Amino acid sequence: MIAKVIVDVPTSQTDRLFDYAVPKEWENVIQPGIRVVVPFGPRKIQGFVIDLEKESTLNKIKPIEDVLDVVPVLTQELLELGEWLSEQTLSFKLSAYQLMIPAAMRTKVKKEIVLLTERQNLPASLQNYFEPGKKTLWSDVILDQKANLKLVQELVREGLLEVRYQVEEKGHKKTARYIKLADPNVQLEEIPTRAAKQREIVDFLKESIEPISVQDLLKKLQTTRQVITALVKKGYIHEFEKEVYRDPLAGVQFEQTTPLPLTEQQQQVIEPILDSLVTKQHDTFLLHGVTGSGKTEVYLQAIDKALQLGREAIVLVPEISLTPQMVQRFKGRFGSKVAVLHSGLSMGEKYDEWRKILRKEVEVVVGARSAIFAPFTNVGIIIIDEEHETSYKQEENPKYHARDVAIFRGSYHQCPVILGSATPSLESYARAKKQVYQLLPLTTRVNQRAMPAVEVVDMREELRNGNRSMFSYTLLEMLKDRIEKGEQSVLFLNRRGYSTFVMCRDCGYVATCEHCDISLTYHRTQHSLKCHYCGHEEKMPNTCESCGSDHIRFFGSGTQKVEEELTRVLPTARVIRMDIDTTRRKGSHERLLSAFGRGEADILLGTQMIAKGLDFPKITLVGVLAADSMLHIPDFRSAERTFQLMEQVSGRAGRHDLEGKVIIQSYTPDHYSIELVKSHDYEHFFKMEMSQRKVALYPPYVFMVLINISHPELTKVITVSEKIASFLKREMQESTTTILGPVASPLARIKDRYRYQCMIKYRNEPRLLETLREIQQHFIRDMNQGQLQVSIDMHPYMFT
Ligand code: ADP
Ligand code: ZN
Ligand code: ZN
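What counts as what
- Residues numbered from 1 in each chain as written.
- Chains lettered and ligands numbered in written order.
- Predicted model: local features only at pLDDT ≥ 70, side-chain atom pairs only at ≥ 80, totals over all residues.
- Heavy atoms only, no water.
- UniProt positions renumbered as here; feature names shortened; annotations may be inferred.
- Helix = DSSP H or I, 4+ residues; strand = E, 2+ residues; numbered from the N terminus.
- Buried < 20%, exposed > 50% of the residue type's maximum accessible area, 1.4 Å probe, protein only.
- Axes fitted to C-alpha atoms, helices over the stretch in contact; angles between N-to-C directions.
- Left-handed = near helix turned anticlockwise from the far one by under 90°.
- Contact = heavy atoms within 4.5 Å.
- Nonpolar A, V, L, I, M, F, W, Y, C, P; charged D, E, K, R; others polar.
- Core = buried A, V, L, I, M, F, W, Y, C linked by side-chain atoms within 4.5 Å.
- Expected span 1.5 Å × (residues − 1).
- Near = heavy atom within 4 Å.
- Polar contact = N/O pair within 3.5 Å; in protein donor to acceptor, adjacent residues only side chain to side chain.
- Areas by Shrake-Rupley, 256 points an atom, 1.4 Å probe, with all protein chains shown as cover.
- Pairing = 2+ DSSP bridges.

The name an unreviewed UniProt entry gives the protein is Replication restart protein PriA, with Halalkalibacter okhensis as the organism. The heading Subunit (unreviewed entry) in the UniProt record of the protein holds the text "Component of the replication restart primosome." On record in UniProt, under Function (unreviewed entry), the comment for the protein is "Initiates the restart of stalled replication forks, which reloads the replicative helicase on sites other than the origin of replication. Recognizes and binds to abandoned replication forks and remodels them to uncover a helicase loading site. Promotes assembly of the primosome at these replication forks."

Participant: Residues and numbers for unusual backbone geometry, please.
Facilitator: Each neighbour pair has its own omega, and for Pro699 with Pro700 the value is 5 degrees, a cis peptide bond. In this structure, Pro742 follows Gly741 across a cis peptide bond, with omega equal to 10 degrees. As for its placement among the helices and strands, Pro742 is situated in strand E31 (residues 738-750). Even without glycine at this site, His795 takes up a positive phi of about 50 degrees. Its location among the elements puts His795 in the segment after strand E33 (789-794). We classify His795 as partly exposed; its relative accessible area is 33%.

Participant: How would you sum up the packing of helix H6 (residues 196-207) against helix H7 (residues 214-221)? Please name residues and give values.
Facilitator: Following both chains from N to C, one finds H6 and H7 inclined at 115 degrees, their axes separated by 12 Å at the closest point. For H6 against H7, the interelement crossing comes out right-handed. Contacts between H6 and H7 involve Lys197, Glu200, Ile201 and Phe204 on the former and, on the latter, Leu217, Lys220 and Leu221. Residues that form the contact of H6 with H7 fall into these classes: four nonpolar, no polar and three charged.

Participant: Report on the nonpolar core, specifying residues and quantitative values.
Facilitator: Core analysis: the biggest nonpolar cluster contains 92 residues, and Leu74, Ile314, Val365, Ile372, Phe373, Leu604 and Ile664 have the highest contact counts within it. Residue contributions to this core peak at five residues, all from helix H19 (residues 638-650). Ignoring sequence-local partners within four residues, the contact set of Ile314 consists of Val365, Ala371, Ile372, Ala374, Phe376, Val379, Ile381, Ile382, Ile383 and Arg409. Membership of the second largest hydrophobic core comes to 33 residues, among which are Ile30, Val38, Leu149 and Val152.

Participant: Kindly report on H19, identifying the contributing residues and their values.
Facilitator: The terminal C-alpha atoms of H19, which comprises 13 residues, lie 18 Å apart, in line with the 18 Å expected from a rise of 1.5 Å per residue. Among the 13 residues of H19, 13 are classified as buried, and the element is accordingly described as predominantly covered.

Participant: Residue-level account of the site of ligand 1, with values.
Facilitator: Around ligand 1 lies a shell of 16 residues, among which Pro261, Gln266, Gly292, Lys295 and Arg329 are the nearest. Backbone polar atom of Ser293 to an oxygen atom of ligand 1: 3.2 Å apart, as the coordinates give it. Between an oxygen atom of ligand 1 and a side-chain N or O atom of Lys295, the distance comes to 2.9 Å. Considered on its own, ligand 1 offers 560 Å² of accessible surface; in the complex 76% of this is hidden by protein. With three residues, helix H10 (residues 295-308) is the single largest residue contributor to the shell around ligand 1. Taken together, the residues of the shell around ligand 1 sort by class into five nonpolar, seven polar and four charged.

Participant: Describe the pairing of strand E30 (residues 703-711), naming the residues involved and giving the relevant values.
Facilitator: With eight of nine residues buried, E30 is to be regarded as a mostly interior element. Bridge count between E30 and strand E32 (residues 753-762): nine bridges; the pairing is antiparallel. Note that in E32 the partner of Ser710 across the bridge is Arg755. Where E30 and E33 come together, six bridges link them in antiparallel fashion. Paired with Asn708 across the strands is Ser791, a residue of E33.

Participant: Hey, could you go over the sheet that holds strand E16 (residues 379-385) for me, with residue numbers and the actual values?
Facilitator: Read from one edge of the open sheet, seven strands run E14-E15-E13-E16-E17-E12-E18, paired in parallel fashion. Strands at the two margins of the open sheet, each flanked by one partner only, are strand E14 (338-341) and strand E18 (438-442). Averaged over all adjacent pairs, the angle separating strand axes in this sheet is 15 degrees, with direction ignored. Where strand E12 (residues 284-289) and E18 come together, five bridges link them in parallel fashion. Across the sheet, residue Leu287 finds its bridge partner in E18, namely Leu440. Against the sheet, H10 contacts E12, strand E13 (312-316), strand E15 (364-367), E16, strand E17 (417-421) and E18, and its axis sits at roughly 165 degrees relative to E16.

Pasting the structure below:
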């Protein structure tokens, strides 16, 4: 017996099957989808068994040394999927397979065999390995006697034994030391100026909403334990033991729910889905339902049907909306049949959830992008909620889109795939119009609740009328009104393109990163400047580096600045701020939201992360501070994203009994992506945007490929880029394919590497993948030995 193995060496020379001999004792034990340890040159490395054959064409082959899994970790379907995925994304097969198994299994950890029965029930030859109160190491059992493996495999199948990775959580601690201010209103002046380090800590704590761990603080402020101890002694801060928050869902009780009687529209859209389920026919549905139209109830009832038919369900939601509120809806309906995969889980917890799927202890998985690889073997339905979200595209290799994987799996299992959104991506909607996908519209909110009224305020007008504040008169009046009435407001600030940069008022000099062509961002808490691309950090300068003037100030309005302004104009307002700074720690996202839900604040101020999933009855006002900040990003999808985001945000208002109102502040109020939010007219937006895309030749009218080339030397980048462009021009069909570039990337330098790009726009290019592979092959030596990077992104979403 010969095993065909993909080895764990991520280079293109090794991106193929290698032959290894299967030891006699392990014949019929080793199967495709199992991982093994094999000799590779002088080393021993891991590999995936992809296939088995009777004989090899080579005459000298080495034997497999060890076996990592007793049962396959990759099903036949996933093996095929990996092959397809690596082709489509031009990445290594190894990387594709590694995507599909939990990180815990990729580390070098010990495995143990756990007895799930009485020792006496085991065959005599195995009994001795299991002593009460002692761990049985896999290596002891298997390496001792190769033949043991077959026995163990059978016993695992019968449920008498289990093989488990001993996942040692790095830095796993149940509790940690935390500190907080003894008196939150302490005056900074009380601390002598010479104790600058102590002052810094107190200043930091005054600004943070919640306690911080000593460890985090030490790291953040680059300070020492002694400084903290000094402050504790003086009584300024308290130190205490606190449980470290791990799984944000741990301990949450889920209330049981039952199916709601569907509305007429819901009934209409669910029927074709159920048909497809029952007749086992693969169809892709685009469920286009306005916010609050009851899409989730449709998902739930469709899943229910799949489970009744003995099949499984995969549900993808964007990471950011994987909140307990969201999970409750699935757990509430299907209880312990649901596994949840989200980034808040530790490596061990993720592994546990994954094992539940593999062992068929659950029938539904709800998770972010990578949950699409759940190792179910009888998938009955796949749902992608908020299908337009760009986070479904992975930006690292393999650069796959979860939607494509969903459709591959749907077709493999002959089951329906549902893409749901209030604002579908143009690509999906266009496919629905061409009947590639089946369009299922939900046009009204459940119970006929009105869509919120949207008012667009022209900020240029405000300026002309002498209002220099970041809040228009209208918005300010409305905020006051809501506070008086005891209702809640949400203020949304678009983070992208809205960071705080530092500029000299005398000469216009802007502080930029010395390694990247990008301006540095001012961070108030540390009073420092940071590069968001490479992490470079420096002290906020006192004088201008260019002209020496001390009129150097920060500009722009990050959420911190908005918060300050807000407390200035509305001193009585209670504000909760949610941005990357206040939600960095695990669980804080959820804590802030529930505080808002309990009515502990009048205004929730935040970035993108508050756009989704918020569902609180008292929110009657949503304000968008600068709707157009995203419109000017060099990305052909900027109008689409603006419209999607505005719709998404306005969907937060008036979801319940109280009527909602939305104020959008804009400097380009006439742009269709903003104007059309007033009428919530997706269809109209789609038409306008499609005509733009047609003229400029962008997807969905063409497909795109982005090739990024980078190197520390500019001349090298240019030479390689030009070679690539001219090669493409020679190889591609001139009549229907356009090669753009090479040009410098919008971010022309990151981490001291110069960056260029070429773009391909094509309609039908049968030789495309082959040609791109050739490019990869051609530069392989330079890439392995030198500093060159050539990365290819099929159907790109990021153009920086
Ligand atoms: P969407 O996902 O389209 O934004 P939701 O699924 O969140 O909409 O539904 C909005 C609200 O309507 C939820 O509170 C949900 O419980 C409720 N709802 C959904 N379907 C029904 C129904 N058939 N009858 C009554 N209420 C419903
Ligand atoms: Zn930088
Ligand atoms: Zn200057």
